[in-house]
Amino acid sequence: MASFLVLETAKIIFAPIERCLNCRRKFDENMKILKKLSQELYSVREDIELRTSAECHAVNMQTQEVKNWLQDVQRIKSETEIIEHKAEEKKFLTRAFLGKTVEEKIVELKAFVKKGRTFLGFVKNFRYIIVGGGVAAGYAAKEFDRQGIKPGQLAIISKEAVAPYERPTLSKGYLNPKGAARLPDFHVCVGSGGERLLPGWYKEKGIELILSKEIVKVNLGSKTLISARGEIFKYQTLIIATGSTVIRLTDFKVKGADAKNIFYLRELCDADELTESLKTKNNGKAVIIGGGYIGLEVGAAMRINNFNVTMVYPEAWCMPRLFTPTIAAFYESYYENKGIKIIKGTVAVGFNANANGEVQGVKLKDGRVLEADIVVVGVGARPLTTLFKGQVEEEKGGIKTDGFFMTSIPSVYAVGDVATFPMKLYNEMRRVEHVDHARKSAEQAVKAIKAKETGKEIKEYDYLPYFYSRSFDLSWQFYGDNVGDTVFFGDNHPLSPKPKFGSFWIKDGKVVGAFLEGGIPEENKAIAKVSRLQPPVENLDQLKKEGLSFATKI
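Residues numbered from 1 in each chain as written. Predicted model: local features only at pLDDT ≥ 70, side-chain atom pairs only at ≥ 80, totals over all residues. Heavy atoms only, no water.

1. Points about unusual backbone geometry
Here is step 1: The omega angle of the peptide bond from Leu183 to Pro184 is 15°, so this bond is cis rather than trans.
Here is step 2: Relative to the assigned elements, Pro184 resides in the loop between β2 (154-157) and α6 (199-204).
Here is step 3: Between Val188 and the following residue, Cys189, the backbone shows a cis peptide bond with an omega angle of 15°.
Here is step 4: Structurally, the position occupied by Cys189 is in the loop between β2 and α6.
Here is step 5: We note that Ser212 has phi near 55°; this positive angle belongs to a residue other than glycine.
Here is step 6: With respect to the helices and strands, the residue Ser212 is situated in the loop between β3 (208-210) and β4 (215-219).
Here is step 7: In the Ramachandran plot, Asn261 falls in the positive-phi region, its phi being about 70° despite a non-glycine side chain. (Helix = DSSP H or I, 4+ residues; strand = E, 2+ residues; numbered from the N terminus.)

In structure tokens, the structure reads:
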């Protein structure tokens, strides 16, 4: 009996203490819920503010109801911060008095989160998103499939209307007058000898291909992308594969540069417009502005289409970033023998148009005016990084990455034209605009993403620069770095039935780069190998004498 009385007395004594402890536990739990809901509400607010800032749909979002909601969120933020500050004092009476306030605030937060989500509408969530639908996107998708993903985990968001394709075809086979290349023949990954990924492939693999959708706003902090139509996409891991955009003469306010039949070549729609014009302006006059890749390849294609072609560029020779004067002299002579007129050392400063707004003349800085039915401009490109400025580290005009293409934000990767990455072979940061790098960097990024998830290790990207081109019956390849002294070899006579020549670049007594026109596959592999291995050279005269055999014997 005595023990029973002791037990009951103890219960009476400790009951208030237990109630206090339960009250404290409930308060702590509610504070966790409050903080979680606050973070959720602020995330929704960021998405709404991001969406309203996109000019194309601001009218739809900027209703009075949305404005009132944003103002109320600011009020709730201030009130919640006061509660959190008082809770941190850890005073019993303070917590006791705050208990009901916290519960009421949780109810209010839930209501505001729910209402905010109705403003946003449907949000699509993916584990991985590739923004950009070019070559890199297709090769990344193929690598994701190799590594293993579940249906619905991956989305590709592209402003183009077609599945990823091999972009170099646009300035080559696409413009052929006979047997022209057309989709679906050159969808990725045929450019590297791989499987052709038709639209049905993506569907079969459970990869969502979101086409004709331009992303106009990005918040890397909240992992949010917003399209021009206001659609919201959320990701866990993002691959930036936005590539480059052409530099337009309208960017420099060149007078008349907005006339009809002035073309740029970057996307399939550009090539389609150009090919239609080839039909309507058959056998006409074409002026090519620029002496780089696009200029040389399109200039050749226009001549094959029986146009009277004139090329104009300001440099002393074509492809000056790669070609030596000796190499360039061959191609210029070859083109002139094909009937192409070349004007160097001047630029287009204006265009004349007819009553229909179609270009009919190109004004040059030296005073000449060239007749033109079609103008194709190829004066360079710039990486599409504007959406991400101020959110990731940049270097040398691109988004800075490591050897796995991870940016300064661990959940964000950048590949292809937009990435400035460590060039291991030369121990420096570089940005490379070429399809070969787009393919390989995309594959490397996906391997790195999956390795990180599984705790595995992969090797850093070790890229050997590679460029190539084909025009008329010519075909050249270059590997390595074009710095240092040059040693020319071979037959570069422009009238030779099968010209075969090349050049080595020598720096610090080693071969660092090699160029070859007219090589067979084994010879091209040899110049790639010698550029990678960088063998020493003691005598430049002996190297010139050996020529291509120097590479093939290694």
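2. Digging into the sheet that holds strand β17 (residues 394-395)
Here is step 1: If you trace the four strands from one edge of the open sheet to the other, you get β17-β18-β20-β21, paired in mixed fashion. In the strand order of this sheet, the two ends are held by β17 and β21 (428-431), each with one partner.
Here is step 2: Where strand β18 (residues 398-400) lies against strand β20 (residues 419-423), two bridges are found, and the strand directions are parallel. When the bridges of β20 are listed, Ile399 appears paired with Ala419. (Pairing = 2+ DSSP bridges.)

3. Considerations on the packing of helix α5 (residues 135-147) against helix α10 (residues 435-454)
Here is step 1: Contact geometry of α5 with α10 gives a least axis separation of 8 Å together with a crossing angle of 35°. The hand of the α5/α10 crossing is right-handed. For the pair formed by α5 and α10, the contact residues are Val135, Ala136, Tyr139, Ala140, Glu143, Phe144, Arg146 and Gln147 on the first element and Val435, Ala438, Arg439, Ala442, Glu443, Val446, Lys447, Ile449 and Lys450 on the second.
Here is step 2: Of the residues belonging to the contact of α5 with α10, the class tally is 10 nonpolar, one polar and six charged. (Axes fitted to C-alpha atoms, helices over the stretch in contact; angles between N-to-C directions. Left-handed = near helix turned anticlockwise from the far one by under 90°. Contact = heavy atoms within 4.5 Å. Nonpolar A, V, L, I, M, F, W, Y, C, P; charged D, E, K, R; others polar.)

4. Observations concerning the environment of Lys338
Here is step 1: Summarising the element assignment, Lys338 is placed in the loop between α9 (325-337) and β11 (341-344).
Here is step 2: Look past the residues within four positions of Lys338 in its chain and what remains in contact with it is Arg303 and Phe472.

5. Things to note about the environment of Tyr313
Here is step 1: You can see Tyr313 is positioned in strand β10 (residues 308-313).
Here is step 2: The spacing of Tyr313 and Glu297 is 16 residues in sequence and 14 Å in space, taken between C-alpha atoms.

6. Details of α9
Here is step 1: Look at α9: 18 Å from first C-alpha to last across 13 residues, which is about the 18 Å you get at 1.5 Å a residue.
Here is step 2: Considered for burial, the residues of α9 that qualify are Ile327, Ala328, Phe330, Tyr331, Glu332, Tyr334 and Tyr335.
Here is step 3: In the segment just after α9, Gly339 is the residue with positive phi, at about 100°. (Expected span 1.5 Å × (residues − 1). Buried < 20%, exposed > 50% of the residue type's maximum accessible area, 1.4 Å probe, protein only.)

7. Overview of the pairing of β21
Side-chain direction in a regular strand flips from residue to residue, so the side chains alternate between the two faces of the sheet.
Here is step 1: Both β20 and β21 contribute to a ladder of four bridges, which runs antiparallel. Considered in β21, the bridge of Pro422 is made with Met429.
Here is step 2: The hairpin turn running from β20 into β21, its antiparallel successor, is four residues long, and Asn427 in that turn takes a positive phi close to 55°.

8. Considerations on the pattern of salt bridges
Here is step 1: Summed over all chains, the structure comprises 38 salt bridges.
Here is step 2: Across the salt bridge formed by Glu108 and Lys105, the nearest N and O atoms sit 2.9 Å from each other. Taken as a pair, Glu108 and Lys105 lie in helix α4 (residues 92-120) at a separation of three residues, close to a single helical turn.
Here is step 3: When its relative accessible area of 22% is taken as the criterion, Glu108 is described as partly exposed.
Here is step 4: The class for Lys105 is buried, based on a relative accessible area of 8%.
Here is step 5: One network of salt bridges, with partners in common, ties together Asp72, Arg75, Glu79, Lys105 and Glu108. (Salt bridge = Lys/Arg side-chain N within 4 Å of Asp/Glu carboxyl O.)

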